[in-house]
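Spelled out, the chains give:
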Amino acid sequence: MALKVEPPGTALTGWLLRKMMSSTVSPIPITFRIAIICLTTAKVQNFLILFVFYSFIFRNFATIMTKYNTTTLANGLRVIHMSSASPVVYCGIGINAGSRQEAESEEGLAHYCEHTTFKGTQRRSSLQILNCLETVGGDLNAFTNKEDTVFYAAILREHLNKAVDLLFDIVFNSTYPAEELRHEADVICDEIESYNDSPAELIYDEFENLIFEGHPLGHNILGSRERVMAFTTQDALRFTSRHYRPDNAIFFIYGDVDFNRLIKMLELRSKKIEVREMLDDDMLVQTPSPIAQSSPLTVEKSTSSSEAHHQAHVMVGSRTFGYKDPRRLPLYLLNNLLGGPGMNARLNLSLRERHGLVYTVESSMATYSDTGCWCVYFGCDHDDVRRCLRLVWNELNRLVQQPLSERQLLAAKRQLKGQIAIACDNREQFALDFAKHFLHYGHERSIEELLQQIDDLTASQLQDVAQQVFTPDRLQHLVL
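Residues numbered from 1 in each chain as written. Predicted model: local features only at pLDDT ≥ 70, side-chain atom pairs only at ≥ 80, totals over all residues. Heavy atoms only, no water.

Asks: Can you lay out the side chain of D165 for me, pointing to particular residues and giving the numbers?
Replies: For D165, the position within the fold is in helix α6 (residues 160–173). Under the relative-accessibility criterion, D165 is labelled buried at 10%. The contact partners of D165, leaving out residues within four places of it in the chain, are R123, R124, R269 and K272. (Helix = DSSP H or I, 4+ residues; strand = E, 2+ residues; numbered from the N terminus. Buried < 20%, exposed > 50% of the residue type's maximum accessible area, 1.4 Å probe, protein only. Contact = heavy atoms within 4.5 Å.)

Asks: Which residues make up unusual backbone geometry, and what values do they have?
Replies: One non-glycine residue with positive phi stands out, namely Y176, at about 55°. Position of Y176 among the secondary structure elements: in the loop between α6 and α7 (178–196). What makes Y176 buried here is its relative accessible area of 0%.

Asks: Account for the pairing of strand β10 (residues 372–380), naming residues and giving values.
Replies: Burial analysis of β10 places nine of its nine residues in the buried class, the great majority of the element. Covered by surrounding structure in β10 are G372, W374, V376, F378 and C380 together with C373, C375, Y377 and G379, the residues of both alternating faces. With eight bridges joining them, strand β9 (residues 358–367) and β10 adopt antiparallel strand pairing. Note that in β10 the partner of E362 across the bridge is Y377. As consecutive antiparallel partners, β9 and β10 are separated by four residues. (Pairing = 2+ DSSP bridges.)

Asks: Any chance you could break down the packing of aromatic side chains for me, citing the residues and the numbers?
Replies: Evaluation of the coordinates by the stated rule reveals 14 aromatic pairs. Note on F168 and F172: the rings are 5.7 Å apart at their centroids and 65° apart in plane angle, and the pair reads as edge-to-face. Placement of the pair is F168 and F172 together in helix α6, with a separation of four residues, close to one helical turn. Under the relative-accessibility criterion, F172 is labelled buried at 2%. (Phe/Tyr/Trp six-rings, centres within 6.5 Å; stacked < 30°, edge-to-face > 60°.)

All we've got here are geometric facts, nothing functional implied.
Written out as structure tokens, the structure is:
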């Protein structure tokens, strides 16, 4: 709608607010809408009072609009919903199982099942699954991580019923037909080979295999060509019977949907889930915490193909903290300060801007239920590896030896909070993020609480964590 000319004698702010208040899709409660319209039409002389009133109202709206609805269905499926004024709905099913839950002979099976879940049910062929949402402009996708697998859809609100029906059908009723599996195995093998052709991506898996050696967390999610080609329908059914169960899953949704209507829709679909044989506890794959690393931890591992690449690909890091460890948030801030997405990250300033030694340098952290991984990655000329490593050690040592000044700490917090706010504006990623939090933590995620926790961090806390993670006797490094 084109913006109209401001009516004579009406403040622009008040006029725009009344337009928003009168919208039929406005997320603001009608009681507040009426109150605000009355105030904006009255001849209020004291602008300050009006400004304070608006500030109070919208501050409270922020709290109202970030409220989650949650429940658990009779079959154990947990549900989380967050309202949105957008006509586009993001919804999906998160499974509390990934490559970590694979048995020794099943490496790559979680990812294989994610791919082949799209290949047929009792009600739908693979082509019907592919076309179901695409024909109405929707999108269907999935991914596998170390500890979870997620199937999700983006769809216009009026087609939500179609998306929910499809998600329930493929996740809980897939048949994994043998002919379709043979074709998809070739696709997965191509994915494996393309990944192997990219050392900048491959090194992340190689590094986790180094620090979690002998544990399922160290396994490559994609598996090997040999394993993938050997998987069968029975393998897929065995794995999904163990893990693709309502009581091991969540349903998440972000959109303008009535929660009570949604629950009725989910309960109806739940009746169509095929009852799978319950498994004894001893048939489930147990994955204990990784064995503690031995000391010293500085290990260099090179591959025979290193010289075949124009660049050396280098990673430095160690095991860190699990989901519920209070040290995770201080490390999160330190990680962002060192090698986050900002061009002013300390490692980027040192290795790229000041010395011109790298094109890419970044740090990252992966968090699992009982452990984690933090690392620095850079690619450089083979002759510059040692020089780059010295610069990395220098930046790490700065954080170990001296706490951040008050000004540095405030700037680091401000940058991280701004990045979080911008990331939340990506609605699809925001939906996936609060879904993962609910899946693993068992409760909804509060952005306000997270921002407050960041504000509460102290320079002493950050230095303590730096001394636990960034010292040379804690770090391994890998060169490809």
